[in-house]
Each structure stands twice: as structure tokens, then as C-alpha cells.
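Here is what each chain is made of, one letter per residue.
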Amino acid sequence: AQIDKMNRDFSSNENAFFLCSMALIIFLMQCGFAFLEAGAVRSKNTTNILIKNLLDSCIAIIGYWAIGYAFGFGKTQNSTVDLFIGSSNFFLSGFNDYPKFFFQYVFAATSATIVSGAVAERCEFATYITYCSVISSIVYPILTHWGWASGGWMKQGIKTGDINTTYLDFAGAGVVHLCGGTISFLAAWMMGPRIGRFQKEGEDPSPEIKGHSVPFAALGGFILMFGFLAFNGGSMADIVQPGEGNIVALAMVNTILCGAFAALTYLLWHYFTHGKWTLLLTINACLAGMVSSCAGCNRMEPWGSVFVGIGSGLIYLALSKIMLRYKIDDPLDAFAVHAGGGGWGLISTCIISHDGIAYGIGDAMAGKGNDRIAQTFAQLGWQLVCLSAIVIWSLLWMGPIFWFLKKINRFRVTVEVETKGLDIYKHGEAAYPLHAYGHGWDDFEQI
Amino acid sequence: AQIDKMNRDFSSNENAFFLCSMALIIFLMQCGFAFLEAGAVRSKNTTNILIKNLLDSCIAIIGYWAIGYAFGFGKTQNSTVDLFIGSSNFFLSGFNDYPKFFFQYVFAATSATIVSGAVAERCEFATYITYCSVISSIVYPILTHWGWASGGWMKQGIKTGDINTTYLDFAGAGVVHLCGGTISFLAAWMMGPRIGRFQKEGEDPSPEIKGHSVPFAALGGFILMFGFLAFNGGSMADIVQPGEGNIVALAMVNTILCGAFAALTYLLWHYFTHGKWTLLLTINACLAGMVSSCAGCNRMEPWGSVFVGIGSGLIYLALSKIMLRYKIDDPLDAFAVHAGGGGWGLISTCIISHDGIAYGIGDAMAGKGNDRIAQTFAQLGWQLVCLSAIVIWSLLWMGPIFWFLKKINRFRVTVEVETKGLDIYKHGEAAYPLHAYGHGWDDFEQI
Amino acid sequence: AQIDKMNRDFSSNENAFFLCSMALIIFLMQCGFAFLEAGAVRSKNTTNILIKNLLDSCIAIIGYWAIGYAFGFGKTQNSTVDLFIGSSNFFLSGFNDYPKFFFQYVFAATSATIVSGAVAERCEFATYITYCSVISSIVYPILTHWGWASGGWMKQGIKTGDINTTYLDFAGAGVVHLCGGTISFLAAWMMGPRIGRFQKEGEDPSPEIKGHSVPFAALGGFILMFGFLAFNGGSMADIVQPGEGNIVALAMVNTILCGAFAALTYLLWHYFTHGKWTLLLTINACLAGMVSSCAGCNRMEPWGSVFVGIGSGLIYLALSKIMLRYKIDDPLDAFAVHAGGGGWGLISTCIISHDGIAYGIGDAMAGKGNDRIAQTFAQLGWQLVCLSAIVIWSLLWMGPIFWFLKKINRFRVTVEVETKGLDIYKHGEAAYPLHAYGHGWDDFEQI
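Before going into details, it helps to say that this report is about the structure given with it. (Residues numbered from 1 in each chain as written. Chains lettered and ligands numbered in written order. Predicted model: local features only at pLDDT ≥ 70, side-chain atom pairs only at ≥ 80, totals over all residues. Heavy atoms only, no water.)

1. Notes on the overall build of chain A
Within chain A one finds 18 helices and two strands. In terms of overall dimensions, chain A is globule-like: its C-alpha atoms have a radius of gyration of 23 Å, near the 22 Å expected for 447 residues. On the principal axes, the C-alpha backbone points of chain A span a range of 75 × 55 × 55 Å. Counting all 447 residues of chain A, 67% fall into the buried class. Once local pairs closer than 6 in sequence are excluded, the contacts in chain A between residues at least 24 apart make up 77%. When the accessible surface of chain A is split by element, carbon and sulfur atoms take 62% of a total near 14500 Å². Within chain A, the 31 negative side-chain charges are centred at a point lying 7 Å from the centre of the 27 positive side-chain charges. (Helix = DSSP H or I, 4+ residues; strand = E, 2+ residues; numbered from the N terminus. Rg over C-alpha atoms; globule rule 2.2 N^0.38 Å. Buried < 20%, exposed > 50% of the residue type's maximum accessible area, 1.4 Å probe, protein only. Contact = heavy atoms within 4.5 Å. Areas by Shrake-Rupley, 256 points an atom, 1.4 Å probe, with all protein chains shown as cover. Lys, Arg positive; Asp, Glu negative; His and termini not counted. Charge placed at Lys NZ, Arg CZ, Asp CG, Glu CD.)

2. A short note on the interface of chain C and chain A
Taken together, the contacts link 67 residues of chain C with 74 residues of chain A. Roughly 6000 Å² of surface becomes buried between chain C and chain A when both sides are summed, with 75% attributable to carbon and sulfur atoms. Counting every contact that joins chain C to chain A gives zero salt bridges. Put simply, chain C and chain A have 15 residue pairs in polar contact (both at pLDDT 80 or more) between them. Residue assignment for the side of chain C that touches chain A shows that the elements contributing at least two residues are helix 1 (2-27), helix 2 (29-40), helix 3 (46-73), helix 5 (98-113), helix 7 (125-148), helix 10 (214-234) and helix 18 (422-427) of chain C. With 15 residues, the top contributor of residues to the side of chain C that touches chain A is helix 1 of chain C. Considered class by class, the residues forming the side of chain C that touches chain A number 43 nonpolar, 14 polar and ten charged. (Buried area = accessible area lost by both parts, 1.4 Å probe. Salt bridge = Lys/Arg side-chain N within 4 Å of Asp/Glu carboxyl O. Polar contact = N/O pair within 3.5 Å; in protein donor to acceptor, adjacent residues only side chain to side chain. Nonpolar A, V, L, I, M, F, W, Y, C, P; charged D, E, K, R; others polar.)

3. Observations concerning the relation of the copies chain C and chain A
Superposition of chain C onto chain A requires a rotation of 120° combined with a translation of 0.0 Å along the rotation axis, giving an RMSD of 0.0 Å. In the structure described here, the two chain copies are related by an operation that fits a three-fold rotation axis. When each C-alpha of chain C is compared by its distance to the rotation axis, Ile3 of chain C comes out closest, at 4.2 Å. (Least-squares fit on C-alpha atoms with pLDDT ≥ 70 in both.)

4. Some words on the side chain of Thr282 of chain B
Within the secondary structure, Thr282 of chain B is located in helix 12 (residues 280-293). According to the relative accessible area criterion, Thr282 of chain B is buried, its value standing at 0%. There is a polar contact of 2.4 Å between the side chain of Thr282 of chain B and the backbone oxygen of Thr278 of chain B. Here Thr282 of chain B is in contact with Leu54 and Leu55 of chain A together with Ala263, Tyr266 and Leu267 of chain B, once residues within four sequence places are set aside.

5. Concerning a nonpolar patch on the surface
There is a patch of nonpolar side chains on the surface, built from Trp403, Phe404 and Ile408 of chain A and spanning about 330 Å² of accessible area. Tracing the chain through its elements places Phe404 of chain A in helix 16 (residues 371-407). (Patch = residues over 30% accessible without salt bridge, like charges linked within 9 Å, V, L, I, M, F, W, Y side chains within 5 Å.)

6. Thoughts on the side chain of Gln104 of chain A
Along the chain, Gln104 of chain A turns up in helix 5 (residues 98-113). Contacts of Gln104 of chain A, omitting those with residues within four sequence positions, involve Tyr64, Tyr69, Phe73, Tyr140 and Trp148 of chain A.

7. Topic: the packing of aromatic side chains
According to the stated counting rule, one finds 107 aromatic pairs over all chains in the structure shown. Consider the rings of Trp65 of chain A and Phe261 of chain B, whose centres lie 6.1 Å apart with planes at 90°: the pair is edge-to-face. Here Trp65 of chain A, found in helix 3 (residues 46-73), pairs with Phe261 of chain B, found in helix 11 (residues 244-274), and the two come from separate chains. Across this residue pair, the class does not change: Trp65 of chain A and Phe261 of chain B are buried. Relative to Trp277 of chain C, the ring of Tyr271 of chain C has its centre 3.8 Å away and its plane inclined at 15°; by these criteria the two rings are stacked. Three or more aromatic residues link up through ring pairs in this structure, and these residues are Phe125, Tyr128, Tyr131, Phe402 and Phe411 of chain A together with Tyr271, Phe272 and Trp277 of chain B. (Phe/Tyr/Trp six-rings, centres within 6.5 Å; stacked < 30°, edge-to-face > 60°.)

8. Regarding the packing of helix 3 (residues 46-73) of chain B against helix 7 (residues 125-148) of chain B
Residue and element names in this part refer to chain B. The N-to-C vectors of helix 3 and helix 7 enclose an angle of 40°; their axes lie 8 Å apart at closest approach. Taken together, the axes of helix 3 and helix 7 are oblique relative to one another. Every pair of crossing elements has a handedness; the one defined by helix 3 and helix 7 is right-handed. Class assignment of the residues belonging to the contact of helix 3 with helix 7 gives a composition of 16 nonpolar, nine polar and two charged. (Axes fitted to C-alpha atoms, helices over the stretch in contact; angles between N-to-C directions. Parallel < 35°, antiparallel > 145°, perpendicular 65-115°, else oblique. Left-handed = near helix turned anticlockwise from the far one by under 90°.)

9. Some details on the environment of Thr273 of chain B
Residues and elements named next belong to chain B. Relative to the helices and strands, Thr273 resides in helix 11. On the accessibility criterion, Thr273 (45% relative accessible area) is partly exposed. Looking at Thr273, its side chain comes within polar contact range of the main-chain oxygen of Trp269, at 2.9 Å.

10. With respect to the interface of chain A and chain B
Tallying the contact residues gives 66 residues for chain A and 74 residues for chain B. Buried area between chain A and chain B, both sides added, is near 6000 Å², and the carbon and sulfur share of it is 75%. Summed over the shared surface of chain A and chain B, the number is zero salt bridges. The tally of links between chain A and chain B comes to 16 residue pairs in polar contact (both at pLDDT 80 or more). At 15 residues, the largest contribution of residues to the side of chain A that touches chain B is made by helix 1 (residues 2-27) of chain A.

11. What to know about helix 7 of chain C
All names here are of chain C. Look at helix 7: 32 Å from first C-alpha to last across 24 residues, which is about the 34 Å you get at 1.5 Å a residue. Along its length, helix 7 reaches its greatest deviation from straightness, about 50°, at Ile135. The buried fraction of helix 7 amounts to 20 of the 24 residues, a majority that puts the element mostly inside the structure. (Expected span 1.5 Å × (residues − 1). Bend = angle between axes of the 7 residues up to and from the residue.)

12. Regarding the environment of Leu54 of chain C
Structurally, the position occupied by Leu54 of chain C is in helix 3. Its relative accessible area of 3% is what places Leu54 of chain C among the buried residues. The residues contacting Leu54 of chain C, other than those within four sequence positions of it, are Phe222, Met225, Leu279, Thr282 and Ile283 of chain A.

13. A closer look at the state of the cysteines
Residues and elements named next belong to chain C. Counted according to the given criterion, the structure contains zero disulfides over all chains. Of all cysteine sulfurs, the one in Cys58 lies closest to Cys132, which takes part in no disulfide; the gap is 9.4 Å. Cys297 supplies the cysteine sulfur nearest to Cys258, a cysteine that is in no disulfide, at a spacing of 8.0 Å. (Disulfide = S-S within 2.5 Å.)

14. Looking at helix 15 (residues 357-365) of chain B
Residue and element names in this part refer to chain B. Those residues of helix 15 that sit buried are Ile357, Gly360 and Asp363. The buried residues of helix 15 occupy one face: seen down the axis, they fall within an arc of 120°. Residues of helix 15 that are buried in the fold lie against helix 14 (334-352) and helix 16 (371-407). (Arc of directions from axis to C-beta.)

15. Observations concerning the pattern of salt bridges
All names here are of chain C. Tallying each qualifying case throughout the model produces 30 salt bridges over all chains. Among the ionic pairs, Arg42 bridges to Glu121, the shortest N-O distance being 3.1 Å. Here the residue Arg42 occupies a position in the loop between helix 2 and helix 3, and Glu121 occupies one in the loop between helix 6 (115-118) and helix 7, the gap between them amounting to 79 residues. With respect to burial, Arg42 and Glu121 carry one shared label: buried. One salt bridge connects Arg194 with Glu121, and the closest N-O pair in it is separated by 2.4 Å.

16. Details of the environment of Tyr271 of chain A
Residue and element names in this part refer to chain A. Tracing the sequence through the fold places Tyr271 in helix 11 (residues 244-274). The exposure class of Tyr271 is partly exposed, given its relative accessible area of 26%. In sequence terms Tyr271 and Leu50 are 221 residues apart; their C-alpha atoms lie 32 Å from each other.

Right, here's the structure in full:
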């Protein structure tokens, strides 16, 4: 009895400590997104993008505390309702599993923050506040209920005879990144490109709109890589059962491997086609690789990361080209990174992870029979159903909202504000006030 | 026996791990303060403010190792002396609880670093070294003895009949932030405003002196938010007894909630009065909210954070206005953030935390009798005594020191140095040397 | 039995958690190096230095996964071979101790990243990729086998009669920093100084080449200090046996103490000779102090850090002067910081750590006999053998490789590229594109 009690106390404290420390680092990803995006916009819109990322954390904690967690993980008596939504613990009433709440909150904040890159340099503040609130309090939480709560319909999957499917998404490739990436696409498409981004027919090609600070973008990239390791490792959410610590480390190793293979794939492709070693796009490719590892980093041998990583580098490449072809202006490639990486993660985990299609085919080729092949393809099928559901759900919510905001003229800033920059007009704060520079030491030779 | 030994070994290792990892993150708050302040000064004083924050860590570790820890937590035989000061373990002799020392050190370093913002752009280096040493080695450690060591007089409180008071300050709203904020006020007031900050009578209003980099200020803000979560969660200092992990997470949740409510309160007020969405002041308000959560984040339901957070946003607003009204130039609002947030935290925890006035009144209204009301108001009274003691102690130490430094003309830099900037004259290092910029690729179209 | 099982499960999970969380923070040191170096180069070479630091992580994970870990810690049957190299677990086959692998990987990545500072602003990308791959996959892993694997020859040491020596290097002062620092020296020397760095005979003295951003250098320095605490504390690699948690904290305390004493030593020397409070060199000295603590921070009383820290400050000073005297251009002082700090760490730990020469002499002076003196000097002798072996091994590998790269003209960029900057020519990405700056709000008075 003493042992059991000690085991119980130890386990709950250990998990609390684990969740809190990983959540802390994931929280810092807000800083990472802020600087990745700040570096990628022009100096005249820097304050604007920074405040958006700051407020993500603030709005998300309030929304997720009030209703988000309840929708996501609140207990529901009726099992049919429970397939779709949680319905208790609003304002955390009757609730005290704070480590879980805190961990889930930092994920909710992440899902909202992805979108700000896609609408950078032209989005109205009202629109931002609206989508941020809706995503972190409603859209994302309900998706997590579907995919991660024990009663959710995606999690339940189909169980019939030899077939036993579920939603495979360890760390949110689907519910976080595909959701955020899909909404990014929708927002970038409905908002239209930045002024001057694409030439009209017959015009000379417009010069690319470059961001104002490569170092800031790199800073954001480094912090996001740091954060992703905690994001994926921490998704274990438990580190007391035998072998769990090992899985946490495996998840981290696969995360960095996927990122590395995606980054090098893109870098080499770019070098051989353009003759330049691009930093900014390599960072994006690396992040796409890490996103794609979210789905299966806990159930994949490190060699599987070669496949997942290279694949995500290529998908990032393809999607970012397609966006340009169709003149959809996504300044941060949020769609290509998060929807591309996330979608590929959901699919590839059905192929290369333990019990995936590759293992099924391997068994068949080794003469161990075809039994697992049906199961593995059924799993892939179910995963595609879930993938589609995530995309449709995201579009169904945000489409009308964006349409309405456009209707009431609160979707995009005016031409004058966009041309002259949002910082001074909207925030009264230039990122680099001219008066604050310079000094008077003319007599020092070297300054 | 085997169980007990295992429990003991486990507990001490687990707590060591917990303290060290939280202390690591708190250590990074030095970086946060450095960039919050660097962004808020002009480019000509950037190196100066960065080196101050770097040296905080260095000076504090030496001072806290030599005498600070001994004053704070060294054992003292005489219980009367023990009410006021610790007196053993100088240079950590006869001591080996390193996790506790390391954790306490990062707090000491924080208390010293708050002040540098208030005296930015005009403080002599000698003054800085003096106050940093004195605060981290003497002023702050003795306050922690009063409030946190088992024999300290504030901790002991008053115990008589039904009344049982103590000093309620989980993570240092009083001993860290109110102390640092009070000294900030004193320093900013004694030093006088920066040249050009306030117009003289009859002159045209001076333009505001803006900082040179909003992104750096935001970077600092993000890192400080990250650090505050560890600051408040880590203050549990123990994570092996039943329920402690939950409290750690609760503290973090309350911290971010308080920050969010304070930030949004200020942001909305500013928007409705000025029509701008200010980033820099919202960061400050958010930090004030987090400071105010320090006192009771472990004993407060999340809904209590609404009260504490909104209150601290308003108090930050009020105090920063008052400073302007009286023409006291505190470039970082260190007083409003840390003294305002800290003081409000000490008071509000007596109101809204478990066993606070709100609960006492609630009992009375529910017809459960008035017994607790006396206790809760007595607690508030004692808390106000402690609050006053912290303020007076801080002023009594630093007042004469600053006066003396002023007397010997080592308090503030000369007018020429202030006008032309401290970086080149004092440090020989311009933050952005002109020679280091530019390139020669004229033939590339887009650079 | 239940107890034993629980103890086993707990221990492995606890260690996994500890290793992963420390490794995470060490991973962020890549960001620290990136910004320390980015701040120290001119704006025209900023993208170049950032991508190098990004790719360090990517190349190292692939190389270390494929062969590095196998060379370092793979099991080897033949004990003679085992003295020199590991030879199994290539591609982590037959391996599942992921926490250990992840932790070792972040160290390997660190060893490679040190060099990029020494060859900044002139190194060909091909050279960078080559040395990064070779160091992280071959040179460094084999050194760790020698020094840290149970069968390695340095670890085995000499055991004869009363003499019992081994390689004392807790966290890699030798195998990480001395190795990286030695290669830095070799690379800087073979590559020659940057154009304009040193005047030719008879010419006027060249102005110093300054870095473009003191704040970035400081940001890197802060992050590296943060990382070093995890680097040294995490090297315990185990936190379940009695007292281990305490040692982790002791290692962290000694790390910050050594850094502080080195920083203040250098700062005061610089102030008294130059009259300026230098930030950049103080950061370097602080890092040198932290490097020197790597060797013995777990076995040293805090007062020993006074000796180790001050010594490393002086050695950094001496080596950086010597490099200038011989006109070897190491823009980041990577040699002085890492080889100087690392070498001094290896030596000083034989003097001041537990069972070191100081203790031996102390015993003798206290009349307890001279027995330990022979042992302590023998240990120093063996340590010097190991130190030499690390230097020679590093030079033997990289000398021919650099010579070959020079031979095929892939060692250093052309004069035109160096003069005009690497960013645009090599990467197509200016760090601060001119078009991205400015705004059009002429009518706002204060911007």
C-alpha cells in the first residue's frame, strides 16, 4: 500500500513536472513565430506582426480557459454528443488537472498563431482578433476532441473484424498544423496579395517583396526548432510507464532528423536550380519537416525519418510553387509549411511507422501473409477521412467568418495604410524610430 | 526501509532536478530584461544597458555566494537575531544544498536587474556596480530572510487567539519586485529625468524619447513571459508531496491568466483613449500582471486571476501616469510594473486567494458566520505591515548610498556623455558600427 | 520485487526526462553561437554565418546518426580495438537508448559549430560542409570514445601500484572545446586573415574590423550562458542515485561562478589598461570561464571556481593577444575561448578539484604524509597526455583536409566575393534588404 501510494504520488508529480516544463518551451514558440514573421515583413509592418503574436498567447489563454478546454476535453455524458464535442469544465469549474490544461493551452495558442504569417502586412486588427479567438476557443478545441479525446469520432475510428482504425496523430500534425495551414490558405486567398506582390498581365514582373531582417527570421527559426522538440517530445504527456522516457527521446530524435532531411533536400534542390544556398527557405523546409514528424515521431524508427523528411521537403517545395503560380500571397509560406507538412505527416505515418503499409508489404514479401495489408490500407483510408474532416471543418468555420468581415469592410486595411505601413497608423509605434538612432561622437575615429 | 530510502533519494533528486531546470529558465530572464531595456533606449546607449544586464548575473553570483545566501538562509542560533538575519554559510562553507542555492541565486540576480531600466541612459557605471552589489548581497537577501526563512519576523507573523497571520508571498511579489520597483523609483527620482525628456515651464512640449528597437523590446518581453512562468511555478521549490505538481501548474496558469487580463485591459483602455493598439505598453502591462500574480498564484482559483490581472493593468496605468505627472523619468516603467504589480499582488492575494477576504465575506453572506472575517482582515493588515517594511527597508539602504554617490559626483554621467551617448565614451563599442554595414554588389538588382 | 521494478522504471524514465530536457537547452546553443557570430561579422556576411549555424544541427544529426554514435559509443568486442573506436550501432541499428543518443548528438553539434567563428567572413561553403561533417561524424565521436566510453584508452588511464589515473573531463572541456578550439586555430591560420584586417609592414595600422551588431552578439552570449548551465549540469547524465541531483546543481553553480570570475577579471584588466568597460570581450571571457569549468565543475568546491575562473580570464586574455601578435585572424576568438578555456579546464581540474594537487599538498602540509602527491601529479601528467592527444588528433585529421581543400581552390572565397560580401553572391539574401525599409507617413511628427 505504501508502495502504491508512493507510486501514485510520484507519477502524478512527475507527469506534472514533465508537462509543465515541456509546455514552457512550447510557450516560447510564440516568440519563435513572432520573429520568423517579423523578419519576413517590411520594417513598416514589424510592430503589427509582433503584437499579433503577443496577443495570441493572451487571447488564447482566456478563450481556452473559458470554453476551449471544455469543448476539447470536458466530460460529456451522452456518448453520441461525446463523439463531437466536450461539454463540461467551462471556466475550469470542477476541474483541477492543471498540468493537462496548461499543456493543452500552449497547443491551442500555437494553432492560432500560424495564421498571422499568411495575412501579414495587410490584415485588419479586428479580423485578427476574431480569427484568433475563434480558432483557439472553438475550431481547434473541437478538433482535438474528435482526434484525441477518448470518445471523439476520429479517435474511435472503425472497428470491424480484422480492421481496427483510429486517428494517428501524436503531436498534432493534423489538428494543429493542418488546421492552421488550411485557414492560412483560406485567409491568404480571400485577402488577396499584397500591393505590388504580383504583376498584372502585360506588366513587368514585380520584384519580390523581401522581409526586412534575415537575422530575426533565423532567430525565429532557431527558437521554433527548439520548441518543436518539446512540442513533439512533450506530446507523450506521460513519463512514468516503462519505456515512455525512451519514446520521448525517440520523438525528439525523429523530429530533428525529419527537419534535417527536409532542410537539406530543399537546400540542395535550390542550389542546383538557382546556384544559391538559401537560408530563409531552408528554414521553412526544416520547419515543414518537423511539422510532418508530428504525426508519427513516436512510432517510427529513425530511418523512417529519411522518408518523411525528404517527402516533406519536396511537398513544401511543390506547394510553395503552386501558391506562386496561382498568385496567392502567403508571405510566410504558412500554408506550404503547416498544411503541407501536416498533411504529409498524417499520410506518411500510415506508411512508414510501426504497423504501417511498409511493414504490411514487408510482411507480405517475406511470405508472412497479406493479413496486415488490408488493415494498413484501411488505416490510411481512415486517416484520409480524418484529414478531409479537418480541412472541411476549418474551412466551414472560417469561410463565413472571413466573408462576413469582408462584407463589413473589416477584413483588410485600406490601400493607404497598406502602402505606408501599419505600424504608425495602427499602433503609433514605428519599429525603428529615426530619432532614436545616431550619436554625436564625431571625434572618435571608428564608430 | 528500502522504500523509505528510495523515497528519500528520489525526493531529493527530483527536487534538485526541478529547482535546477526552473532556475535555468529564470536565469534566462536576464536576457529578457536586457532586451526589453535595450529596445527601449536609444541606439547610442545600447551597449551600456546590455553590459549592465550581463554583469548583474556575474556580480550577483559572487555577492550571493560570499554573503547573500548566508544573510538570507544561513542558520542562526539566537532566535531573536534569527528574526532579522541569517548568519552562517558565508562562502557556502559547511553547506551543500546546491539546488536551493542555485535557485535562490537566480532570484537575487533578478531583484538587482530591475533597477537598470529606471536609470537607463544616464547612470554612471560606478553607481550601477554599487547598487547591484548591495541589492543582491544585502538588501534583497535580508528581505528574503524576513519573509521566507522559517525564523524571519514577517514569516512568523502574529498569532493570537483566532488570528494567525503570516507573510503571503509565494514567488516574490514583495521581496523581489516591490523591492526592485521601490529602488527604481528612488533612483529615477534622485537621478532626474534624461535631458530633453520633459519640457521646462513655458517651453513647447518635448517629444517623447523613443527606444530604438521595438523588436528587441518585444523579444525581451517574450523571454520574460517565458521566464515568469518558471519564476512562479518554480517557487513551489518542491515537487514530490501529493498535489505539488498540480500547484506548480496552477501557478503557471494563473501567471499567464493574470498577464493576459492585465495586457488586454491596458490595450483596450489605450485603444479607446488613443485609437492605437500599443505594443510596448501592452508588454509592460502584461509583465505587471505577471508580477502581481507572484504573491498568490499558488493559492488562487483561475477566476481570481481576472480580478488580480485587471487590477494590475489598471494600477500599472495609474502609476505610469503619475510618474509622468510628477516628471519622474523611468524609461522602462520599472516602478509602475514592479512596484505597482508587486504591491497589488501582495494586497490582492489577501482578498481573492483561498482563505482571503472574499472567502470570508462569502462565508458571512452564506450565513456561515463572521469568524473568518476578522482573520482575513488581520491577514491583510499584517501584509500591509510587511509591504511597508519592504518599502522602508529598500529606501533606508539605497537612499544614503545614492546620496553619497551623488555627493562624490559618481551618480550620473556628464551632460556631454549623456547627450552624445554612453556606448562609445564608456565602452568603446558602438552598438551598430557604421563601418560594418553595406556591401558592394551594385549589379544585383534587389538587395 | 515490486519495489525493484518500480525503481528501475522510475530511474530510466527520470534519466530520460533529465537528458532530454538538458539536451533541448543545449540544442538552443546553436542559436547562441549563431547570434554571437552574426553580431561579430559585418552585415554583408550575416546570412552566411547564420546558415552555417543552422546547418550544423542538420548535418550533425545525420552524420552522428549514421556513423558518429557508432564510433563513439557503439559496442566493440575486441578490447584492443575498443581502446580506440566503437564499431556497432551504425544508423542506430540494434539500438534504442534514444535519450543517450539525443544528448550525445547535441554535444557533437556543438563541437562542429565552434569552428565557424574562426573562419567567418571568408570561408567557402564547400569547406564548411566538409569540416562540419568530418568533425561531427568522425573526429569528435572518436575522441569521446577515447575519453568517455568505458573501454577508451584515455578513460582507462594508467593503473599501477598507488597510481590510478584516468581522463578527467566531466562535460567536454577537452573533447568538445579543446578539439573545436584547436581546429579553429588551424583553420584561421591556414585561411589567412580577412582582407584589411592587418596592415602590411610600413602601412598605417588597419582599423579593427568590427561586427555589425553588439545586441546580436550579446543575445548570443546570453543564450550560450543559459546553454552552458545545461551543458555542464546535464553532463551528469543520471539523476537517480543518492546525491546526484546535488552534483548537477553544484556543476551549474561552479559554471556560473567560473564565468563570473573570468568576466570580471577581464573586464577590470581591460578597464585599467584601456579605460573602457568592454562588453564584447567580457562576454568572450565569461564564455572562456564557463568552458574551463567543464572539466571539473562536478568535483570542485565553489571556492575552486575563483582559481579556475580567474585563470581562464587571464588565459583568454593572453591567447587573444598572441593571436593578434602573430596576425592570425580569428574573428570570434574561438581559439582563445575554447582551446584556452578547455585546456586550462583540463589542467586546473587536476589542481583544484577533489583529490587534486592542492589537496595533496594540503595533506602534506597538514602532516598527513606525501602519499597523495605522487598520485595527483601522475594524474596531471596523464591529463597532459590526453590533452596532447586531443590536439594532435584534431590537427592530424583536419590539416590534410584543409590542405586538400586549399589545393583544389575550395578553401576560401575569391577576393571579390570577400570584399563585396558573401550574402548576396552565395545566398542571394541580403541580411537587411534596402527595399524592405522605410515608410511613407511623412505627416507623423515623430517616427
